[in-house]
Amino acid sequence: MSLKLFPTEYYNSTYSIDFEKYYRLGYRGIIFDIDNTLVPHNAPQDKRSKELLNNLKDMGYNICFLSNNKEPRVKDFNQEIGGTYVFKAGKPSSKGFIKAMNNMGTTRENTLFVGDQIFTDIWGANNAKLHSILVKQISKKEEIQIILKRIIEKPIIALFLINHPLKTK
């Protein structure tokens, strides 16, 4: 099995990640997937996501949203936060990740990626040689093609968890 399918780390939720720790380690940019990473699929910004993202910006992070979705979805999600975004990113290709880092003015060495899917998010972040963080999906309500990918993801996650426990809070 390709190591490109394994995240660097796996957390129970985006909201349980100790981003202050990563900032102390020198990370200055965070690329986020949106759907089922920050909010349920196709949901708008909510109080919890706004609070997290604003706290991260106040901490000194640059934020970029990276999505295979069309521009209106990603642009609307970014509107209140004022980060940057890349739509129709072509994940798992590394091109969107590189564009996101260019938008933020960060490098591979100081950029984190957070997402909920192995075959787009984690594979893509690993292709771009980023510190990749997989989080559990927020909602089970998803499009059929994503549901089918989740079935294939389960054994990969199980293999990863044998040596890397799930980080929870």
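Remember, it's a predicted structure, so these values are computed and weren't measured experimentally. (Residues numbered from 1 in each chain as written. Predicted model: local features only at pLDDT ≥ 70, side-chain atom pairs only at ≥ 80, totals over all residues. Heavy atoms only, no water.)

Caption draft 1: A look at the overall build of the protein chain. Scanning the protein chain from N- to C-terminus turns up 6 helices and 6 strands. Relative to a compact globule of 169 residues, whose C-alpha radius of gyration would be 15 Å, the protein chain shows 15 Å and is just as compact. Principal-axis analysis of the C-alpha atoms gives the protein chain an extent of 35 × 35 × 30 Å. Sequence-distant contacts in the protein chain: of pairs separated by 6 or more residues, those separated by 24 or more amount to 67%. Across the protein chain, the mean location of the 25 positive side-chain charges is 4 Å away from that of the 17 negative side-chain charges. (Helix = DSSP H or I, 4+ residues; strand = E, 2+ residues; numbered from the N terminus. Rg over C-alpha atoms; globule rule 2.2 N^0.38 Å. Contact = heavy atoms within 4.5 Å. Lys, Arg positive; Asp, Glu negative; His and termini not counted. Charge placed at Lys NZ, Arg CZ, Asp CG, Glu CD.)

Caption draft 2: Main features of the nonpolar core. Of all hydrophobic cores here, the largest spans 24 residues; its most connected members are F19, I30, F32, L53, L56, Y61 and F65. Only α1 (19-24), β2 (29-32), α2 (47-59), β3 (62-66), α3 (71-78), β5 (111-115) and β6 (131-135) provide two or more residues apiece to this core. Here this core gets 3 residues from one element, more than from any other, and that element is α2. Setting aside its immediate chain neighbours within four residues, F19 contacts T14, I30, F32, L52, L56, M59, Y61, L112 and V114. Membership of the second largest hydrophobic core comes to 13 residues, among which are A89, M101, F113 and A128. (Core = buried A, V, L, I, M, F, W, Y, C linked by side-chain atoms within 4.5 Å. Buried < 20%, exposed > 50% of the residue type's maximum accessible area, 1.4 Å probe, protein only.)

Caption draft 3: Local environment of the pattern of salt bridges. Applying the stated rule across the entire model yields 4 salt bridges. Between D33 and K91 there is a salt bridge; the shortest N-O distance is 3.0 Å. Remark: K91 occurs in the loop between β4 (84-86) and α4 (95-104) and D33 occurs in the loop between β2 and α2; sequence separation between them is 58 residues. The pair formed by D33 and K91 is uniform in burial state, with each residue classed as buried. Between E80 and K50 there is a salt bridge, with the nearest N and O atoms lying 3.2 Å from each other. Here K50 lies in helix α2 and E80 lies in the loop between α3 and β4, a separation of 30 residues in the sequence. Residue class for E80 comes out exposed when judged on its relative accessible area of 54%. A residue is classified by how much of its surface remains accessible, and K50, at 25% relative accessible area, is partly exposed. (Salt bridge = Lys/Arg side-chain N within 4 Å of Asp/Glu carboxyl O.)

Caption draft 4: The sheet that holds β2, seen in detail. With respect to topology, 6 strands assemble into an open sheet ordered β1-β6-β5-β2-β3-β4, the strand pairing being parallel. A single partner strand is all that each edge strand has here, and the edge strands are β1 (9-11) and β4. For this sheet, the mean angle separating the axes of adjacent strands, direction not counted, is 25°. The pairing of β2 with β5 spans 4 bridges and is parallel. In the sheet register, F32 faces β5, and the bridge partner there is V114. The strands that α2 touches are β2 and β3; relative to β3, the one it contacts most, it runs at about 140°. (Pairing = 2+ DSSP bridges. Axes fitted to C-alpha atoms, helices over the stretch in contact; angles between N-to-C directions.)

Caption draft 5: Region of interest: the environment of N110. Tracing the sequence through the fold places N110 in the loop between α4 and β5. On the basis of relative accessible area, N110 is assigned to the buried category, the value being 18%. Contact partners of N110, with chain neighbours within four places excluded, come to G26, Y27, R28 and G29. In this structure the side chain of N110 is engaged in a polar contact, spanning 2.7 Å, whose partner is the backbone nitrogen of T107. (Polar contact = N/O pair within 3.5 Å; in protein donor to acceptor, adjacent residues only side chain to side chain.)

Caption draft 6: α3, seen in detail. Within α3, the full set of buried residues consists of R73, V74, F77 and N78. Each buried residue of α3 sits inside an arc of 120° when the element is viewed along its axis, so together they form one side. Projecting away from the buried face of α3 at angles above 90 degrees are the exposed residues P72 and D76. Summarising the contacts, the buried residues of α3 are in contact with α2, β3 and β4. (Arc of directions from axis to C-beta.)

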